[in-house]
Amino acid sequence: MKTILYVEDSAMSQMLMRRYVGDAGKLTICTTLDAAAAQIKESRFDLLITDYMFPEGDSLDLIVGTRRRFSAQELPIIVVSGSMDRLLLSRILKAGANDGFSKPLKAGSFNEVVTRMLAHPYVRSPEHGAIDVHCFRWMNEGLYYQFCPDLGLTTSGPTKEAASAQMIAALQAGAAAGAVLGNTSHHGTASHIIELPGSAKQR
């Protein structure tokens, strides 16, 4: 019998998934991303189904880590999410997922997807891709700035909208020219407090 690993912290979703999968395969459930990663190292599965958001973060690292060990044919990955839109679908496919679906799932059609993925894994290609590009933004002396690490480009303008419009135009031109975009995470900013010379308190 085919084996399926389902990663989900909601008891209700776990119960529903048992119904969706039916007799398509034996279902193993993990409630955390770390537990799922450990299970994948210890056991062999034919399909990974994972929710996207967890209390400890999203499942992108799990997807990327799994894909480093197994190809899309060896261990297909399906991501389900209540917020699955075009942007999120593009993000998970770029990370290595085979397909993504929006909650609530439809039992009959999702069972067909699971059965198909177990028999002949496929990788979905969105009709219109989208890329989530993170830029750094700040204001200095009355001007608004944005910096894109992927392009190594800084734009500026008298308003946030003006700086954003310039950056969007540059990103679209870069994408058309084949630039690799979307490599900088939204955790990429860091603020530092430094102590200036002479500012230390005297003891």
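Just so you know, these numbers come straight off a predicted model, no measurement behind them.

A. Structural context of the sheet that holds strand β2 (residues 26–30). One open sheet holds the 5 strands; their spatial order is β2-β1-β3-β6-β7, and the pairing between them is parallel. The strands lining the two open edges of the sheet, one partner per strand, are β2 and β7 (99–102). Each adjacent strand pair in this sheet contributes to an overall mean axis angle of 20°, direction not counted. Strand direction decides the pairing type here: strand β3 (residues 47–51) and strand β6 (residues 77–81), joined by 4 bridges, are parallel. Bridge pairing in β6 links isoleucine 49 to isoleucine 78. Helix α2 (residues 33–42) contacts β1 (3–7), β2 and β3 of the sheet and is inclined by roughly 160° relative to β1.

B. Representation of helix α1 (residues 11–21). Residues of α1 that are buried include every one of Ser13, Gln14, Met17, Tyr20 and Val21, and no others. With its buried residues spanning 120° around the axis, α1 presents them on a single face. Seen from the buried face of α1, the exposed residues on the opposite side, beyond 90 degrees, are Ala11, Met12 and Arg19. Those residues of α1 that are buried are in contact with β1, β2, β3 and α5 (107–119). Positive phi appears at glycine 22, one or two residues downstream of α1, with a value of about 60°.

C. Examining the pairing of β3 more closely. Most of β3 is tucked away, with 5 of its 5 residues classed as buried. Across the two faces of β3 the burial is the same, with Leu47, Ile49 and Asp51 and Leu48 and Thr50 all buried. Alignment of β1 against β3, held across 4 bridges, turns out to be parallel. Within β3, the residue paired with tyrosine 6 across the bridge is isoleucine 49.

D. Quick look at the nonpolar core. In this structure, Leu5, Val7, Leu48, Ile63, Val79 and Ile92 are the most contacted members of the largest nonpolar core, which totals 24 residues. Of all the secondary-structure elements, those providing two or more residues to this core are β1, α2, α3 (60–69), β6 and α4 (86–95). Here the element with the most residues in this core is α4; it accounts for 5 residues. If sequence neighbours within four positions are ignored, leucine 48 has contacts with Leu5, Val7, Ile40, Leu62, Thr66, Leu75, Pro76, Ile77 and Ile78. Within the second largest apolar cluster, 19 residues are counted, among which are Tyr6, Leu47, Val114 and Leu118.

E. Focus on the pattern of salt bridges. If you walk through the whole model with that rule in mind, you get 3 salt bridges. Linking glutamate 8 and lysine 103 is a salt bridge whose minimum nitrogen-to-oxygen distance equals 3.0 Å. Separated by 95 residues along the polypeptide, glutamate 8 in the loop between β1 and α1 and lysine 103 in the loop between β7 and α5 bring together distant segments of the chain. Using a relative accessible area of 1% as the deciding quantity, one classes glutamate 8 as buried. Assessed through its relative accessible area of 25%, lysine 103 is described here as partly exposed. The shortest N-O distance in the salt bridge between lysine 103 and aspartate 51 comes to 3.2 Å. With lysine 103 in the loop between β7 and α5 and aspartate 51 in strand β3, the pair connects residues that are 52 residues apart, well separated along the chain.

F. Fine view of the pairing of strand β8 (residues 136–140). Summarising the sheet, β8 and strand β9 (residues 143–148) pair through 5 bridges and their orientation is antiparallel. For arginine 137, the partnering residue across the bridge sits in β9 and is glutamine 146. Here β8 folds back onto β9 in antiparallel fashion, the turn holding 2 residues, of which glutamate 141 has a positive phi close to 50°.

G. Summary view of α3. Looking only at α3, the buried set comprises Leu60, Leu62, Ile63, Thr66 and Arg67. Relative to the axis of α3, the buried residues are bounded by an arc of 160° and lie together on one face. Residues of α3 that are exposed and point more than 90 degrees away from the buried face comprise Asp61 and Arg68. Looking at the buried positions of α3, the neighbouring elements they touch are β1, α2, β3, β5 (57–58), β6 and α4.

So, how was this worked out
- Residues numbered from 1 in each chain as written.
- Predicted model: local features only at pLDDT ≥ 70, side-chain atom pairs only at ≥ 80, totals over all residues.
- Heavy atoms only, no water.
- Pairing = 2+ DSSP bridges.
- Helix = DSSP H or I, 4+ residues; strand = E, 2+ residues; numbered from the N terminus.
- Axes fitted to C-alpha atoms, helices over the stretch in contact; angles between N-to-C directions.
- Contact = heavy atoms within 4.5 Å.
- Buried < 20%, exposed > 50% of the residue type's maximum accessible area, 1.4 Å probe, protein only.
- Arc of directions from axis to C-beta.
- Core = buried A, V, L, I, M, F, W, Y, C linked by side-chain atoms within 4.5 Å.
- Salt bridge = Lys/Arg side-chain N within 4 Å of Asp/Glu carboxyl O.

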